[in-house]
Amino acid sequence: MNMQDLLGKIFEADITPSGNDRLRNAMGQQQGAGQGAADGNAAGFGGLLDQLKGLQGSEIVDRVKGAAQDMYGQTKEGVQGGNPLAVGGLAALAGAILGGGRGALGGAVGAGALAILAKVAYDAMQNNKGAAQAQGQLPLGLRDAQNPAEKQALEARAGLVLQAMITAAKADGDIDKREMEKISGKLESLGADKSTVDFVHQKMQGPADLIGLIRAVPDTEAGMQVYAASLLAIEVDTQAERDYLRQLSTGLKLDPTAVANVHKMLGVAA
């Protein structure tokens, strides 16, 4: 099973009510555009979103590619390497958010979501003056996966992000049968086969396993992505959800300032 493709379908199906809005906000914030894309005046990639409405497939890719590369201008290696996987994924993600070109762009939406989560995590740690500045290689999700080991690692990260989102969705109680049927219908409409739908159902059943999720996180970089993904999966409008996020950040030993940076970039009140 392709985890990046499944993750992309989750976002294409708009399963998380505010998830796409928060990703949109993050894309605007990456340009340092004040209040981000939400105010309609964001520069660069964030400001390009409104121009993409009505475009399809390759048109979206062509229009977004240059802006996405500008977005990575903060990181020299990103521009020099071109990041074809990440740039293409970001273009696909923009198309999915705006409801255009989904068929043509397909599973690259998952890669785009991973790229945004990686950039949010990277910037959150970079902007934390109390933490050591990240050095050297770009984080997984922003660099182009050229070898089998990196591709496998990216697949594993997609699976971890999906686990984080499903676990967070259970924060204020089990996902009921009616909600699972709704999700199944959306996934099936996007071409998910029975084995994929059954896999998602299996993961959604039972109580949230926060300890299991924390144990599955290999390092701080992944931990920041897991936390950001969790914010995409819930509204954060109940005490149970707020308690869950606090327990998650504590369990992952995340720096409070970096966590606050993630909330700011996604436009979620801390």
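Residues numbered from 1 in each chain as written. Predicted model: local features only at pLDDT ≥ 70, side-chain atom pairs only at ≥ 80, totals over all residues. Heavy atoms only, no water.

Novice: Before we move on, can you summarise helix 1 (residues 3–12) with the specific residues and values?
Specialist: For an α-helix, 3.6 residues make a turn, and residues three or four places apart therefore share a direction. Most of helix 1 is tucked away, with nine of its 10 residues classed as buried. Along helix 1, the residues that are buried comprise Met 3, Gln 4, Leu 6, Leu 7, Gly 8, Lys 9, Ile 10, Phe 11 and Glu 12. For helix 1, the N-terminal capping position is held by Asn 2, with its side-chain oxygen 3.0 Å away from the main-chain nitrogen of Gln 4. (Buried < 20%, exposed > 50% of the residue type's maximum accessible area, 1.4 Å probe, protein only. Helix = DSSP H or I, 4+ residues; strand = E, 2+ residues; numbered from the N terminus. Polar contact = N/O pair within 3.5 Å; in protein donor to acceptor, adjacent residues only side chain to side chain.)

Novice: Mind laying out the nonpolar core, listing which residues take part and the relevant values?
Specialist: Residues Leu 7, Met 165, Val 262 and Leu 266 are the most contacted members of the largest nonpolar core, which totals 59 residues. Beyond its immediate chain neighbours, meaning those up to four positions away, Leu 266 contacts Arg 22, Asn 25, Ala 26, Val 120, Ala 228, Leu 231 and Leu 232. (Core = buried A, V, L, I, M, F, W, Y, C linked by side-chain atoms within 4.5 Å. Contact = heavy atoms within 4.5 Å.)

Novice: If you had to explain the pattern of salt bridges to someone new, which residues and values would you point to?
Specialist: By the definition in use, this model includes five salt bridges. A salt bridge links Asp 5 to Lys 9; its shortest N-O distance comes to 2.7 Å. With Asp 5 and Lys 9 both in helix 1 and four residues apart, the pair spans about one turn of that helix. A salt bridge links Glu 221 to Arg 157, with the shortest nitrogen-to-oxygen separation between them at 3.6 Å. Taken together, the residues span a long stretch of sequence, with Glu 221 in helix 13 (residues 220–233) and Arg 157 in helix 9 (residues 148–169) at a distance of 64 residues. Residue classification places Glu 221 among the partly exposed positions, given a relative accessible area of 24%. (Salt bridge = Lys/Arg side-chain N within 4 Å of Asp/Glu carboxyl O.)

Novice: So what about the confidence of the model for the protein chain? Which residues, and what values?
Specialist: Confidence in the prediction for the protein chain averages 75 pLDDT; 63% of positions are at 70 or higher. Put simply, helix 5 (residues 76–81) is where the protein chain has its lowest mean pLDDT, 43, and helix 12 (residues 210–216) is where it has its highest, 97. A low-confidence stretch, residues 72–85 stays under pLDDT 50, and its non-local contacts, those more than four residues away or across chains, total 30 contacts. Under a pLDDT of 50 for its full length, residues 100–106 has, in the predicted model, 17 contacts with residues more than four places off or in other chains. (pLDDT = per-residue confidence, 0-100.)

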